[in-house]
Amino acid sequence: AQSVAQPEDQVNVAEGNPLTVKCTYSVSGNPYLFWYVQYPNRGLQFLLKYITGDNLVKGSYGFEAEFNKSQTSFHLKKPSALVSDSALYFCATWRGDTGRRALTFGSGTRLQVQP
Amino acid sequence: DVKVTQSSRYLVKRTGEKVFLECVQDMDHENMFWYRQDPGLGLRLIYFSYDVKMKEKGDIPEGYSVSREKKERFSLILESASTNQTSMYLCASSPVDSQTGELFFGEGSRLTVL
C-alpha cells in the first residue's frame, strides 16, 4: 500500500535559521508526493508537489522540497524560517487506481518557529 | 476563488444521535472527499466520491455513510454518533485525477459527541 511517514511530531527552529521537515515514502511505481500546510483553525493548503523531473521542487511561501530516491525521502525545506511559518505540515501521496484516487497523508509535523 | 464550504464549524451532539455534516464546492469538481483529523494520526480518509451517486470506502468507513446526490454536495452521515467519533472532519474536492495533486479543503467541522 502507498504510504508516507513523518518521523517527527514537532520541529523547533529559530527565526532566520533554515528549517527541514522530514518525510519518507513507501510507494510502488513512480512516486507522486505532496506537501500541505495547515494554519491554526484552518483547512489544509497545498504547498508543492513532486511528480517527475528535478529533484528539488519549489513551492509556495518560499518552501522547497528535495526528492531523494535512494533514501525514499521527500523533505520539506526553507532557507530562512519565519515566525509565520509556524503551522502543521503534512506529507502525502496518491493511493488508489486512476480515476479513483485519493491522497493518503502522514501523521503531521508541527513546526514552531521562535522569534 | 475556489471554495469548499462546510456547513458547521462546531457541533456538539449526544451519543446515539444521527449527525449530518454537509459540504458544498463551487468548482464543478468531480471528486470529493471526507477526512477525519486527530492529533498524532494525521488525516485519515473516511469516504470519497468520484462522481454523482458514486462512492468508495476509505481507510476508516466504519460508523459512517455518505451521500452525493448532486455534483456540488457531499454529505457525511453518522448514523448513531459515538464518543470515539469526536474529531475534526475535513471535506475536500479536486478535479478528476488532478495532476497537481491539489485538493481544495474546507475549514473543517469540529464535532464533539457527549
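Keep in mind that what you see is a predicted model, and the values were worked out from it rather than measured. (Residues numbered from 1 in each chain as written. Chains lettered and ligands numbered in written order. Predicted model: local features only at pLDDT ≥ 70, side-chain atom pairs only at ≥ 80, totals over all residues. Heavy atoms only, no water.)

Give me the lowdown on the sheet that holds strand 1 (residues 4-6) of chain B, citing residues and values where you can.
All names here are of chain B. Pairing in this open sheet of four strands is antiparallel, and the strands run 1-3-8-7 from one edge to the other. Taken across any chain shown, the strands that pair with only one partner, and hence form the sheet edges, are strand 1 and strand 7 (65-70). Within this sheet the neighbouring strands show an average axis-to-axis angle of 20 degrees, counted without direction. The pairing of strand 7 with strand 8 (residues 73-78) spans four bridges and is classified as antiparallel. (Pairing = 2+ DSSP bridges. Helix = DSSP H or I, 4+ residues; strand = E, 2+ residues; numbered from the N terminus. Axes fitted to C-alpha atoms, helices over the stretch in contact; angles between N-to-C directions.)

How would you sum up the layout of surface pockets? Please name residues and give values.
The calculated volume of the second largest pocket comes to roughly 440 Å³. Along the wall of the second largest pocket there are 22 residues; nearest its centre are Gln38, Leu88 and Arg110 of chain A together with Gln37 and Pro39 of chain B. Counting residues per element, the ones that place at least two in the lining of the second largest pocket are strand 10 (87-95) of chain A together with strand 4 (31-38) and strand 9 (87-94) of chain B. The residue makeup of the lining of the second largest pocket, split by class, is seven nonpolar, 10 polar and five charged. (1 Å grid on protein atoms, 1.4 Å probe; cavity = no way out; pocket = protein on both sides within 12 Å on 5 of 7 lines; lining within 4 Å. Points joined across faces, edges and corners; volume = space filled by probe spheres on them. Nonpolar A, V, L, I, M, F, W, Y, C, P; charged D, E, K, R; others polar.)

So what's going on with the packing of aromatic side chains? Which residues, and what values?
Residues and elements named next belong to chain A. Scanning the entire structure with this criterion turns up 15 aromatic pairs over all chains. Ring plane angle 75 degrees and centroid distance 5.7 Å describe the contact between Tyr36 and Phe46, whose orientation is recorded as edge-to-face. Of this pair, Tyr36 sits in strand 5 (residues 33-38) while Phe46 sits in strand 6 (residues 44-50), and the two are 10 residues apart along the sequence. Among the residues examined, Tyr36 registers a relative accessible area of 0% and is labelled buried. Here Lys78 stacks its cationic end above the ring of Phe63, 5.0 Å away from the centre of that ring. (Phe/Tyr/Trp six-rings, centres within 6.5 Å; stacked < 30°, edge-to-face > 60°. Buried < 20%, exposed > 50% of the residue type's maximum accessible area, 1.4 Å probe, protein only. Lys NZ or Arg CZ within 6 Å of the ring centre and 35° of its normal.)

Describe the interface of chain A and chain B, with residues and values.
In this assembly, 24 residues from chain A lie in contact with 28 residues from chain B. For the chain A and chain B pair, buried surface summed over both sides reaches about 2100 Å², with 49% attributable to carbon and sulfur atoms. At the junction of chain A with chain B, the criterion picks out two salt bridges. Linking Glu107 of chain B and Arg42 of chain A is a salt bridge whose minimum nitrogen-to-oxygen distance equals 2.9 Å. The tally of links from chain A across to chain B stands at six residue pairs in polar contact (both at pLDDT 80 or more). Among the elements of the structure, strand 5, strand 6, strand 10 and strand 11 (102-105) of chain A are those that each provide at least two residues to the side of chain A that touches chain B. (Contact = heavy atoms within 4.5 Å. Buried area = accessible area lost by both parts, 1.4 Å probe. Salt bridge = Lys/Arg side-chain N within 4 Å of Asp/Glu carboxyl O. Polar contact = N/O pair within 3.5 Å; in protein donor to acceptor, adjacent residues only side chain to side chain.)

Break down the state of the cysteines for me, with residues and values.
For the structure on display, the rule yields two disulfides over all chains. With a sulfur-sulfur separation of 2.0 Å, Cys23 of chain A is cross-linked through a disulfide to Cys91 of chain A. When the S-S torsion is -60 degrees, as for the bridge of Cys23 of chain A with Cys91 of chain A, the disulfide is left-handed. In this pair, Cys23 of chain A is assigned in the loop between strand 3 (19-21) and strand 4 (24-26) and Cys91 of chain A in strand 10, connecting sequence segments 68 residues apart. What makes Cys23 of chain A buried here is its relative accessible area of 0%. Linked covalently through their sulfurs, Cys23 of chain B and Cys91 of chain B form a disulfide whose S-S length is 1.9 Å. Its torsion about the S-S bond being -80 degrees, the disulfide of Cys23 of chain B and Cys91 of chain B is classed as left-handed. (Disulfide = S-S within 2.5 Å.)

Nothing here speaks to function; it is geometry throughout.
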